[in-house]
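If you want the building blocks of each chain, they are given just below.
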Amino acid sequence: MSFKIPDGAVWVILGAQWGDEGKGKIVDLLSENADIVVRYQGGSNAGHTVSFDGKTYILHLLPSGIFHQNVTCVIGNGVVIDPIALMDEIEMVKSAGVDIKGRLLISHNAHLIMPYHKLLDKIYDQGEDKIGTTGRGIGPAYVDKYARVGIKVVDLLDREILCRKLRKNIEAKNEILEKIYGTTKLDVEKIIDEYIEFDKKIDEFVTDTALYLNNAIKGKKKILLEGAQGALLDIDHGTYPFVTSSNPTAGGASTGSGIPPTKINGVIGVIKAYTTRVGEGPFPTELKDEIGDHIREKGFEFGATTGRPRRCGWLDIVSLKYSIMINGIDKLALTKIDVLSELDEIKICVSYEINGKKLKNFPTNPEALSKVTPIYETLRGWKKDLSNISSYSELPAEAKEFVEAIEFFTGIEISIISIGADRKQTILK
Ligand code: IMP
């Protein structure tokens, strides 16, 4: 089974909900026919799961095309890289027999996550207003990027510049750690020694990836831009402040890779058959009952990065339509419908009401979103095992009704349906 990607196609594959939609599986699947897969934002807060041949791998930084020898994987300028996590991951894929020589490129412009970013992430994200971050240093690293004091991959290649920038940063962070939070200071020299080591390891991968990608476009290569997290966690368009610190939305694919918007010719939104959210923030269709527990258990809804239980709820068409609008999604990939197979009935939220009035838009403001009442359509459950189904026509009538209801309410065609974790458990519609 393969999904045909036209020559010269540049497609964005992104999460259209609050993350964990199954992007890793879809990107891995499409990579069979792609030339290049690019990660464009986020960092090791992501956990993209890829399963094939009875094995499961969780990727945090490496693009999900890494298991296909035909694919060059690019970590774009928009990603924040934790060198420790990256080196561990490179070792993990190498020990799985993957040859990455000449197949992994890292942008010289990507920013680095430093030990103080991880420390500050945990210190900041506490108390009543906490966001429930992954604690991977993502927010503080982007803060430094935008404060124009961040350290980039290219800085690793020049010992003198790296030492100067690191010293300045660590001294400033030590002031905060000691004087405001009363914690122990970081050892500047130890961190410098550690990061100088990364220079030797990372050197062979570092390049001007924007130039590489634009040349690849001229050469009619097939390029997939892989988003991390989901559109509703977008720093600009998500449910701020309960968001991540980057742009998972389609616009981020351009700024985070150096591929101009005019060269992107398709956006695939990956959606799960239900909704999940990790961490804090409003979630109108959340199920705090036995159905929510059933979905969590059947769907293994525990964070791939942190192991935290995910909050589970019904599919929310209102948020989905918003996501389709801000991303220009033209195709949907629907994952995990098998998780719903035992339910008698399945609900999808088709509108919101607030004080008895129907809302026209998805309110991103958490105060407003937490006040909406979801209005549901109830569909029949199919109550059949889907694991051995290989074509759309074989799906039970009720499962087709579910798929078609999503298409009807969103106005977007579902091209890929995933019925299990394995690469093979996929229906192309
Ligand atoms: P951060 O990205 O670690 O700063 O976390 C900010 C918010 O985004 C928290 O609610 C996290 O749980 C959520 N988040 C970050 N990465 C992911 C992901 O890959 N999947 C789902 N939620 C995520």
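Here the residue numbers are simple positions, counted from 1 along each chain's written sequence. Selection of residues for local features in this predicted model requires a pLDDT of at least 70, selection of side-chain atom pairs for listing and counting requires 80 or more, and totals for whole chains, interfaces and linings are taken over all residues. With hydrogens and water stripped out, all remaining heavy atoms of the structure feed into the side-chain values.

- In the annotation of an unreviewed UniProt entry, the entry for the protein chain reads Adenylosuccinate synthetase, and the organism field reads Candidatus Thermokryptus mobilis.
- Per UniProt, the protein chain has the following entry under Function (unreviewed entry): "Plays an important role in the de novo pathway of purine nucleotide biosynthesis. Catalyzes the first committed step in the biosynthesis of AMP from IMP."
- Here the protein chain is described in UniProt, under the heading Catalytic activity (unreviewed entry), as follows: "IMP + L-aspartate + GTP = N(6)-(1,2-dicarboxyethyl)-AMP + GDP + phosphate + 2 H(+)". UniProt positions are given in the numbering used here, feature names are shortened, and annotations may be inferred rather than shown by experiment.

## A few points about the site of the ligand
Argument step 1. One heavy atom suffices: a residue is near a molecule or strand as soon as one of its heavy atoms comes within 4 Å of it. As a matter of local geometry, the ligand sits amid 15 residues, with Asp-20, Asn-45, Thr-134, Thr-244 and Val-278 nearest to it.
Argument step 2. Polar contact criterion, stated in full: a pair of N or O atoms within 3.5 Å, where within protein one must be able to donate a hydrogen and the other to accept it, and residues adjacent in sequence count only if both atoms are side-chain atoms. Gly-132 places a polar main-chain atom, nitrogen or oxygen, 3.3 Å from an oxygen atom of the ligand.
Argument step 3. Per-residue and other accessible areas were derived by the Shrake-Rupley procedure at a 1.4 Å probe size, with only the shown protein chains allowed to occlude residues. For the ligand, whose free accessible area comes to 470 Å², the fraction covered by protein is 97%.
Argument step 4. Residues are grouped as follows: nonpolar covers Ala, Val, Leu, Ile, Met, Phe, Trp, Tyr, Cys and Pro; charged covers Asp, Glu, Lys and Arg; every other residue, Gly included, is treated as polar. Looking at side-chain class alone, the shell around the ligand contains six nonpolar, seven polar and two charged residues.

## Let's talk about unusual backbone geometry
Argument step 1. Put simply, Tyr-240 and Pro-241 share a cis peptide bond, and its omega is 10°.
Argument step 2. Residues other than glycine seldom take positive phi values, yet Lys-220 does so here, at roughly 60°.
Argument step 3. Checked against the element boundaries, Lys-220 lands in the loop between helix H8 (209–218) and strand S10 (223–226).
Argument step 4. Each residue is placed in one exposure class: buried if its accessible area under a 1.4 Å probe, protein chains only, is under 20% of its type's maximum, exposed if it is over 50%, and partly exposed if it falls in between. Judged by relative accessible area, Lys-220 falls into the exposed class, the value being 55%.
Argument step 5. We note that Lys-383 has phi near 50°; this positive angle belongs to a residue other than glycine.
Argument step 6. Locating Lys-383 in the fold gives a position in the loop between strand S18 (373–380) and helix H13 (397–410).
Argument step 7. Exposure remark for Lys-383: the relative accessible area of 48% places this residue in the partly exposed category. For the purposes of this entry, the term helix denotes a DSSP run of H or I that reaches at least four residues, the term strand denotes a run of E that reaches at least two, and both are numbered from the N terminus.

## Observations concerning the UniProt feature "binding site: substrate" (unreviewed entry) in the protein chain
Argument step 1. Following the UniProt record, the feature "binding site: substrate" (unreviewed entry) maps to Ala-304, Thr-305, Thr-306, Gly-307, Arg-308, Pro-309 and Arg-310 here.
Argument step 2. Those residues in contact with Thr-305 that sit more than four places away from it in its chain are Ser-44, Asn-45, Ala-46, Gly-47, His-60 and Arg-136.
Argument step 3. Engagement of the side chain of Thr-305 in a polar contact is seen with the backbone oxygen of Asn-45, the distance being 3.1 Å.
Argument step 4. Among the secondary structure elements, Gly-307 is positioned in the loop between helix H10 (290–298) and strand S13 (311–313).
Argument step 5. Overall, Gly-307 belongs to the partly exposed group, its relative accessible area being 42%. For this analysis, residues touch if any pair of their heavy atoms sits within 4.5 Å.

## What to know about H8
Helical periodicity: at 3.6 residues per turn, an α-helix aligns residues three or four positions apart in one direction.
Argument step 1. Looking at H8, one finds that the buried residues are Thr-209, Leu-213, Ala-216 and Ile-217. Taken down its axis, H8 places every buried residue within 100° of arc, on the same side. Opposite the buried face of H8, at more than 90 degrees from it, the exposed residues are Leu-211 and Lys-218.
Argument step 2. Each element contacted by the buried residues of H8 is listed here: strand S1 (10–15), strand S2 (36–39), strand S5 (72–75), strand S7 (104–107), strand S9 (206–207) and S10. Note that the arc is defined by the directions from the helix axis to the C-beta atoms.

## Quick word on the pairing of S7
Argument step 1. The alternating pattern of S7 places Leu-104 and Ile-106 on one face and Leu-105 and Ser-107 on the opposite face, and all of these are buried.
Argument step 2. With three bridges connecting them, S5 and S7 associate as parallel partners. Within S7, the residue paired with Val-74 across the bridge is Leu-105.
Argument step 3. What makes two strands pair is DSSP finding at least two bridges between them. Summarising the sheet, S7 and S9 pair through two bridges and their orientation is parallel. Looking at S9, one finds that Ser-107 is bridged to Thr-207.

## Quick look at the nonpolar core
Argument step 1. Here the nonpolar core consists of buried residues drawn from Ala, Val, Leu, Ile, Met, Phe, Trp, Tyr and Cys, with membership extended through side-chain atoms lying within 4.5 Å. With 61 residues, the main nonpolar core has Ile-81 and Leu-166 as its most contacted residues.
Argument step 2. It is helix H7 (residues 188–202) that contributes the most residues to this core, seven residues altogether.
Argument step 3. Beyond its immediate chain neighbours, meaning those up to four positions away, Leu-166 contacts Met-114, Tyr-116, Ile-151, Ile-191, Ile-192 and Tyr-195.

## A few points about the sheet that holds S1
Argument step 1. Taking strand neighbours across the sheet as the criterion, the 10 strands line up as S9-S7-S5-S2-S10-S1-S11-S15-S19-S20 in an open arrangement whose pairing is mixed. Here the strands that pair on one side only, and so sit at the sheet edges, are S9 and strand S20 (426–428).

## Comments concerning the environment of Leu-166
Argument step 1. Relative to the helices and strands, Leu-166 is located in helix H6 (residues 159–180).
Argument step 2. For the pair Leu-166 and Ile-192, spaced 26 residues apart in sequence, the C-alpha separation works out to 6.9 Å.

## Topic: the side chain of Thr-244
Argument step 1. The topology assignment puts Thr-244 in the loop between S10 and helix H9 (250–255).
Argument step 2. For Thr-244, the side chain forms a polar contact with the side chain of Asn-45, separated by 3.3 Å.
Argument step 3. With sequence-adjacent residues up to four places away left out, Thr-244 is seen in contact with Asn-45, Ile-138, Gln-229, Leu-233 and Ile-235.

## Brief notes about the UniProt feature "active site" (unreviewed entry) in the protein chain
Argument step 1. According to UniProt, the "active site" (unreviewed entry) feature falls on Asp-20, His-48 and Lys-145. These annotated residues cover 126 residues of sequence, and their C-alpha atoms reach 25.7 Å apart at the extremes, leaving them scattered rather than at a single site.
Argument step 2. Those residues within four positions of Asp-20 in sequence are excluded, and the remaining contacts are Lys-272, Thr-276, Val-278 and Arg-310.
Argument step 3. Mapped onto the fold, His-48 is located in strand S3 (residues 48–52).
Argument step 4. Setting aside residues no more than four positions away along its own chain, His-48 makes contact with Lys-23, Gly-24, Tyr-57, Ile-58, Leu-59, Ser-64, Glu-226, Gly-227 and Ala-228.

## Describing the packing of aromatic side chains
Argument step 1. Within 6.5 Å between ring centres, the rings of Phe, Tyr and Trp (the latter by its six-membered ring) count as paired, and their orientation is classed by plane angle as stacked under 30 degrees, edge-to-face over 60, tilted in between. Counting across every chain of the model gives 10 aromatic pairs.
Argument step 2. Judged by centre distance (6.3 Å) and plane angle (45°), the ring pair of Tyr-352 and Phe-362 falls under tilted. Separated by 10 residues along the polypeptide, Tyr-352 in strand S16 (residues 345–354) and Phe-362 in the loop between strand S17 (357–358) and helix H12 (366–369) bring together distant segments of the chain. Phe-362 shares its class with Tyr-352; the two are buried.
Argument step 3. Ring centres of Phe-408 and Phe-409 lie 5.1 Å apart, and the angle between their planes is 75°; on these two criteria the pair is classed as edge-to-face.
Argument step 4. For Phe-408, a relative accessible area of 65% translates into the label exposed.
Argument step 5. Among the aromatic residues, those joined into a ring-pair cluster are Phe-52, Tyr-57 and Phe-67.
Argument step 6. Its guanidinium or amino end placed over the ring of Tyr-392, Lys-400 lies 5.9 Å from that ring's centre, counting from NZ or CZ. Remark: a charge is flagged as sitting over a ring if the NZ atom of Lys or the CZ atom of Arg is within 6 Å of the ring centre and within 35 degrees of the ring normal.

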